[in-house]
Amino acid sequence: MSGAGEPGAAPAVAVEVEGLTRRFGDFTAVDRVTFAARPGEIFGFLGPNGAGKTTTIKMLTALLRPTAGRGTVAGYDLVAGAEGIKRSIGYMSQLFSLYADLTVEENIGFFSGLYGVPRARRAARRDWVLQMAGLAEHRQRLTGELPLGWKQRLALGCAVLHEPPILFLDEPTSGVDPISRRSFWELIGGMAAGGTTVFVSTHYMEEAEYCHRLALMNRGRLVALDTPGALRGAMREPLLEVRTDRGAEAVEALRSVPGVVEAGLFGRAVHAAVRDPAAARAQIPGALAARGIQVLGIAEIEPSLEDVFISLVQAGGGVLDG
Amino acid sequence: MTSASGGAAAGAPRGAGASAGASPAGGPAIEVDRLTRRFGARTAVDGLTFSVGRGELFGLVGPDGAGKTTSLRMLAGVLRPTSGDARLLGLSVARDPEAVKPLLAYMSQRFGLYTDLTVLENLHFYADLYRVPRSERPARLERLFQFSRLGPFRDRLAGQLSGGMKQKLGLSCALIHQPEILLLDEPTFGVDPVSRRDLWLIVHDMVARGTTVVVSTAYMDEAERFDRVALLHAGRVLTLDSPAALQRALEGTVLGVRAEPLRPARDALLGLPAVRRAVVFGDRLHVVVGDAAADLPAVQAALQAAGCRVLSAEALEPSMEDVFIEHVERAGAA
């Protein structure tokens, strides 16, 4: 998406941060992160545990002050404008805050009050949420009795009752069935098309696929930022699929072959990122045969988003454990 | 982790009963026959029937509420079926759940690591529980550490491990006694892709040594990692086959279309007779049509008529999500 050629009065930037840094004692959780997100953009945050995603999002939602660097969210400064930021954002986590023993309508009423939706607007916003979430006929049902996919749509509706220009989602469709997931992302896509900027934090490539751009974080740093398509195309090393008679052992063996940057199992096959595909193709059968492993086939393949993710994490020094 | 009682290491030797079956694989490791579990008025698992071959890596794939956990709990002998049965290496879980337990390891979603013991102490604790002979422990630990990459952390308290490392330690504890059958309930839930790769390595190492493994997951993209998968929905098997066969059997072709503007492009395609589905994925559409070559011109013409610019269009491998949706819709229509 170029984003160009769509004139309008909306601000050109929804979120921008520069050199954003957060230290906890000696530990630098977020290290000089710089990026900008446009209005209407679905912006994904990927990264292993401990990569700094959560800390970054806490700073963007004004729950945590940066140690260094600066930024604005919806035009408000991260430090001086904390109150303005809190009014401008919606937040939905996989552990929704919905009350199971309240009805659908009562939950909407509760969150309208919490988010300070003006009384005159409440009926209209309630009807909008009921319609958007497809729950108009179920408004009197207890929330705890609803299927997971419906709860997720209701939680989304409650998170945007106050019409925030910026929405934060934390693994929003984890565990939901694919049909509900698609209808959820359809709603998100509609909100983004209407100008809402959506931040999505996730481990799951299935969710990442729905984002316009993806920021990959590792060890507190932003290691890549681009569209899913461009990330797949720009993977550092070519990828070989190596089929053998013993996958797990082949991974171990391949990791010690020079020119193999990373190897992992995918089903029974091994995906190996290599520096030089021709050289690696020549070298691998012999190296595996020396360990008694037979190669059944080698082919160069298109990397998946997961392959890209792992390649970038490994290039950045691997996962920070502990 | 709930698992087998003690004495597991003295359980059935590898290949026990191999002579019973006529097939080279020695007959199925698991035979599930109309397995059903009701909780009050709700039927969590509804007439599940399938079999898993020896040494097979079998996936139970479906969303939350599909019946994955209930099914695995019945296979593990910790939950009694309401009706139907499952046989593990010929032993009935309905009639004799205690006889089944020593054959298997079961890692539930909430496994019991001791947070105030170190990594190594946890492994030794489970080795004691499963009565793994002391002489065999060093080799097993070395192998588990090799794939889990937990070796450098052997002296760290389990409570201080990251989520992915805890999950790897839980799996290692379940595998310290080399079970015949391994049942894993959503082992990759909440685990980042790098730790997930290590988990799969541990699982595949077990498969390579002949263990039969059944894994549940809510993540459709993990389905491609299994030898065969049963797609579960509302307590029933929607379909069951190898991932490649399921993808081949999908009716129609998935086109990846980049167009601008994207959502109006999707709306223009939804009215087209040739288009079964059109979904926005990030910066492109997935458009399901009957035949890529025959239907592409109509797709392009409809987009141009709607004032959309087509940047690229290519046939894609259908994803397991496409397969799942196709089968849910088919089941709903029937």
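Note that the structure is predicted; figures quoted are calculated from it, not measured.

K.L.:
How would you explain the sheet that holds strand S5 (residues 76–77) of chain A if you had to name every residue and give the values?
P.N.:
Residues and elements named next belong to chain A. Read across the open sheet, the four strands follow the order S2-S1-S4-S5; overall the sheet is antiparallel. What marks the edges here is a single partner per strand, and that holds for strand S2 (27–37) and S5. Pairing geometry for strand S1 (residues 15–24) and strand S4 (residues 68–73), over five bridges, is antiparallel. Directly across from Glu16, in S4, lies its bridge partner Thr72. Strands in contact with helix H1 (residues 53–60) are S1, S2 and S4; relative to S1, the strand with the most contacts, it is inclined by about 120°.

K.L.:
Tell me what's going on with the sheet that holds strand S10 (residues 221–226) of chain A, and back it up with residues and numbers.
P.N.:
All names here are of chain A. Read across the open sheet, the six strands follow the order S6-S7-S8-S3-S9-S10; overall the sheet is mixed. A strand with exactly one partner marks an edge of an open sheet, and here the two such strands are strand S6 (89–93) and S10. The average angle at which neighbouring strand axes cross in this sheet is 15°, direction not considered. Judged from the five bridges that link them, S6 and strand S7 (residues 166–170) form a sheet pairing that is parallel. Paired with Ser93 across the two strands is Asp170, which belongs to S7. Here H1 sits on the sheet in contact with strand S3 (42–46), S7, strand S8 (197–202) and strand S9 (213–218), set at roughly 155° to S8.

K.L.:
Kindly report on the interface of chain A and chain B, identifying the contributing residues and their values.
P.N.:
Counting residues at the interface gives 41 residues for chain A, matched by 36 residues for chain B. Counted by class, the side of chain A that touches chain B contains 20 nonpolar, 12 polar and nine charged residues.

K.L.:
Run through the domain arrangement of chain A, naming residues and quoting values.
P.N.:
According to the domain assignment, chain A contains domain 1 (15–230) and domain 2 (236–302). Of note, the centres of domain 1 of chain A and domain 2 of chain A, computed from C-alpha atoms alone, are 40 Å apart.

K.L.:
Account for the domain arrangement of chain B, naming residues and giving values.
P.N.:
Assigned domains of chain B: these are domain 1 (8–243) and domain 2 (251–317). When each unit is reduced to the centre of its C-alpha atoms, the spacing between domain 1 of chain B and domain 2 of chain B is 41 Å.

K.L.:
Explain the packing of helix H9 (residues 247–255) of chain A against helix H6 (residues 193–208) of chain B to me, and be specific about the residues and the numbers.
P.N.:
At their nearest, the axes of H9 of chain A and H6 of chain B sit 7 Å apart, and the two run at 125° to each other. One finds that H9 of chain A runs oblique with respect to H6 of chain B. Each of Gly247, Ala248, Glu249 and Val251 of chain A in H9 of chain A lies in contact with H6 of chain B, whose residues at this interface are Leu201, His204, Asp205 and Ala208 of chain B. The residue makeup of the contact of H9 of chain A with H6 of chain B, split by class, is four nonpolar, two polar and two charged.

Rules used throughout
- Just so you know, the residues in each chain are numbered from 1, in the order the chain's sequence is written.
- Throughout, the order in which chains and ligands are written sets their labels, letters from A for the former and numbers from 1 for the latter.
- Totals for whole chains, interfaces and linings use all residues, but because this is a predicted model, local features are given only for residues with pLDDT of at least 70 and pairs of side-chain atoms are given and counted only at 80 or more.
- Pairing between strands requires that DSSP locate at least two bridges from one strand to the other.
- Elements are defined by DSSP. Helices are runs of H or I of four residues or more, strands are runs of E of two residues or more, and each kind is numbered from the N terminus.
- C-beta atoms are first placed from the backbone for all residues, and any pair lying within 7 Å is then listed as a contact.
- Axes here mean lines fitted to C-alpha atoms, for a helix over just the part in contact, with angles spanning 0 to 180 degrees between N-to-C directions.
- Under this grouping Gly is polar, as are all residues other than the nonpolar Ala, Val, Leu, Ile, Met, Phe, Trp, Tyr, Cys and Pro and the charged Asp, Glu, Lys and Arg.
- Per the annotation, domain bounds derive from an automatic or database assignment of domains.
- Here roughly perpendicular refers to angles of 65 to 115 degrees, roughly parallel to angles under 35, roughly antiparallel to angles over 145, and oblique to all remaining angles.

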